[in-house]
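Below, each chain spelled out in residue letters.
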Amino acid sequence: MARLTRAQAQERNRARVLAAARAEFAERGYREAKIDGIADRAELTRGAVYSNFPGKRALYFAVLAELAESAEPPAPAEPALTVGEALGEVARAWLARLPLATDDERGPSRLGMHLMPEILADELTRVPYAQLVKLDAILLGLALERLRPPPAPDGRLVGLAEAALTLLHGAGQLAAAAPGFVEPFNVVRACERLADLDLDDRWFVAPLLPRLSAGDEPWSPPSSPVPDAVSGEPVQLTDDGVVAVLGMRRLSAVEDAVRAAPPGAEVTAVVVSGAPEELFPLARLTLAELCGCLRPAVPRSAWPRLRVVWDESGELAAAAGVTGVDDATEVALRVEAGRVTVRAEGWGAAHAAARHPG
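Quick caveat: nothing in here was measured; it's all calculated off a predicted structure. (Residues numbered from 1 in each chain as written. Predicted model: local features only at pLDDT ≥ 70, side-chain atom pairs only at ≥ 80, totals over all residues. Heavy atoms only, no water.)

(A) The arrangement of the layout of surface pockets in detail. Here the second largest pocket defines a volume of roughly 710 Å³. Around the second largest pocket, the lining is made up of 27 residues, and of these Arg146, Trp303, Pro304, Arg305 and Leu306 lie nearest the centre. Residue assignment for the lining of the second largest pocket shows that the elements contributing at least two residues are helix H7 (123–147), helix H10 (254–260), strand E5 (266–272) and helix H11 (276–297). Broken down by class, the residue content of the lining of the second largest pocket amounts to 16 nonpolar, two polar and nine charged. (1 Å grid on protein atoms, 1.4 Å probe; cavity = no way out; pocket = protein on both sides within 12 Å on 5 of 7 lines; lining within 4 Å. Points joined across faces, edges and corners; volume = space filled by probe spheres on them. Helix = DSSP H or I, 4+ residues; strand = E, 2+ residues; numbered from the N terminus. Nonpolar A, V, L, I, M, F, W, Y, C, P; charged D, E, K, R; others polar.)

(B) Expanded view of the packing of helix H1 (residues 6–28) against helix H4 (residues 56–70). Closest axis-to-axis distance for the H1/H4 pair is 10 Å, and the angle between their directions is 95°. Comparing their axes, H4 and H1 come out roughly perpendicular. Counting all contacts with H1, which are made through Val17, Leu18, Ala21, Arg22 and Phe25, the residues of H4 involved are Lys56, Leu59, Tyr60, Ala62, Val63, Glu66 and Leu67. Class assignment of the residues belonging to the contact of H1 with H4 gives a composition of nine nonpolar, no polar and three charged. (Axes fitted to C-alpha atoms, helices over the stretch in contact; angles between N-to-C directions. Parallel < 35°, antiparallel > 145°, perpendicular 65-115°, else oblique. Contact = heavy atoms within 4.5 Å.)

(C) Molecular detail of the UniProt feature "domain: HTH tetR-type" (unreviewed entry) in the protein. Sites flagged by UniProt as "domain: HTH tetR-type" (unreviewed entry) map to residues 11–71. In residues 11–71, helix accounts for 79% and strand for 0%; the two terminal C-alpha atoms are 21 Å from one another. (UniProt positions renumbered as here; feature names shortened; annotations may be inferred.)

(D) Quick peek at the packing of aromatic side chains. Counted by the stated rule, this structure contains four aromatic pairs. Ring geometry for Phe25 and Tyr30: centres 5.6 Å apart, planes at 50°, overall tilted. The exposure class assigned to Phe25 is buried, which follows from its relative accessible area of 2%. Look at Phe280 and Trp310: their rings are 6.2 Å apart centre to centre, the planes differ by 75°, and that puts the pair in the edge-to-face class. (Phe/Tyr/Trp six-rings, centres within 6.5 Å; stacked < 30°, edge-to-face > 60°. Buried < 20%, exposed > 50% of the residue type's maximum accessible area, 1.4 Å probe, protein only.)

(E) Spotlight on the side chain of Ser231. You can see Ser231 is positioned in the loop between strand E2 (226–227) and strand E3 (234–235). Its relative accessible area of 12% is what places Ser231 among the buried residues. Of note is the side chain of Ser231, whose polar atom sits 2.9 Å from the side chain of Asp228. Only 3.1 Å separates the side chain of Ser231 from the backbone nitrogen of Glu233, close enough to count as a polar contact. (Polar contact = N/O pair within 3.5 Å; in protein donor to acceptor, adjacent residues only side chain to side chain.)

(F) Molecular detail of the pattern of salt bridges. Per the stated rule, a full pass over the model turns up 26 salt bridges. Its salt-bridge partner being Glu278, residue Arg57 comes within 2.7 Å of it at the nearest N-O pair. A residue pair is termed long-range when its members are at least 10 positions apart, and Arg57 in helix H4 and Glu278 in helix H11 qualify at 221 residues. The exposure class of Glu278 is buried, given its relative accessible area of 13%. Asp201 is the salt-bridge partner of Arg156, the closest N and O atoms lying 3.0 Å from each other. A residue pair is termed long-range when its members are at least 10 positions apart, and Arg156 in the loop between H7 and helix H8 (158–177) and Asp201 in the loop between helix H9 (184–193) and strand E1 (211–218) qualify at 45 residues. As far as the burial class goes, Arg156 and Asp201 line up, both buried. (Salt bridge = Lys/Arg side-chain N within 4 Å of Asp/Glu carboxyl O.)

(G) Expanded view of the packing of H7 against H11. Relative orientation of the contacting elements H7 and H11 amounts to 25°, with a least axis distance of 10 Å. One way to sum up the angle between H7 and H11 is to call them roughly parallel. As H7 runs across H11, the sense of the crossing is right-handed. Residues Leu124, Thr125, Pro128, Tyr129, Leu132, Val133, Leu135, Asp136, Leu139, Leu140 and Ala143 of H7 form the contact with H11, whose participating residues are Glu278, Leu279, Leu282, Ala283, Thr286, Leu287, Leu290, Cys291 and Leu294. Looking at the contact of H7 with H11, its residues break down into 16 nonpolar, two polar and two charged. (Left-handed = near helix turned anticlockwise from the far one by under 90°.)

(H) Local environment of the state of the cysteines. The tally for this structure, following the rule as stated, stands at zero disulfides. In this model Cys291 remains outside any disulfide bridge; the closest cysteine sulfur is found in Cys293, 9.2 Å from its own. Overall, Cys291 belongs to the buried group, its relative accessible area being 1%. Judged by relative accessible area, Cys293 falls into the buried class, the value being 1%. (Disulfide = S-S within 2.5 Å.)

(I) Summary view of the environment of Leu167. With respect to the helices and strands, Leu167 occurs in helix H8. We classify Leu167 as partly exposed; its relative accessible area is 30%. Each C-alpha atom of the pair Leu167 and Thr323 lies 39 Å from the other, and the pair is 156 residues apart in sequence. Every residue in contact with Leu167, bar those within four places of it in the chain, is listed here: Val187, Ala190 and Cys191.

Shown next, in the form of structure tokens:
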């Protein structure tokens, strides 16, 4: 048998730790689960567990992210063609994942019941999570707008998406805290009826002044395709458009790039973090929960024109000339014919690079 490389051995051990952690959390519950118990199940040392994950919470987020990314939502008979139908289909897929009142309290369906308390535990997770949910709302709102463009030039349906996600997240929390209280049919109908709600939602640009410079630099991202968290498909980053390198606390800035970019231009959010081991699993989980419901709910033509790429290693940020990343990072590039024609740095950079003529 061929000897495993170091990278292969690390990947194998990581998979073993995740499988063991899922079993430990399901059997004992998150609170009672122990790192020593996970190590025993994986037939690894305690140190081997910590070499892959900084702690139990990060491991918990990673287990939930893996489950969300691999979940198969119930497919609708046909993709939705109206905003009401789309909200209803997203709600049905979302609610189908929730535990039933008859499910065992420590069974697999209740693995996620401690997620929100862990997010609320400190600012490290709480503030980025707010931006992650905001990104979910932007993605859902952009999809709804492609089904029903707002009548006003500056109109948007992101506020409507926020209202729907508020309802769905609330249903999820009550399904965990008060088993049997949530009536899925009523929640689906309520989400469908939100389509008739006029929130007079408008997009406006905050008065921010980032550093902006025009130039002619080579754009040399990795040549191999990278996974897009929105479509679930591999994409190339060499296309003309806007590349925004965003920390976890600046994710909502991507809407500025989408709104200001020329028609047909690709907009890519390259997400970075100063605490990648903890926050990237949470980010993957949050987007997978929404996109796993959204993709089958609407026709492909209505998928949001926004790509989200996780840059845990910082390799993509480095290709964009950004070396010292943290959760407040906002740097954006305008790419044309393989060259960087505009670079913007600081809050407001995503909008500035997208609207600049190049």
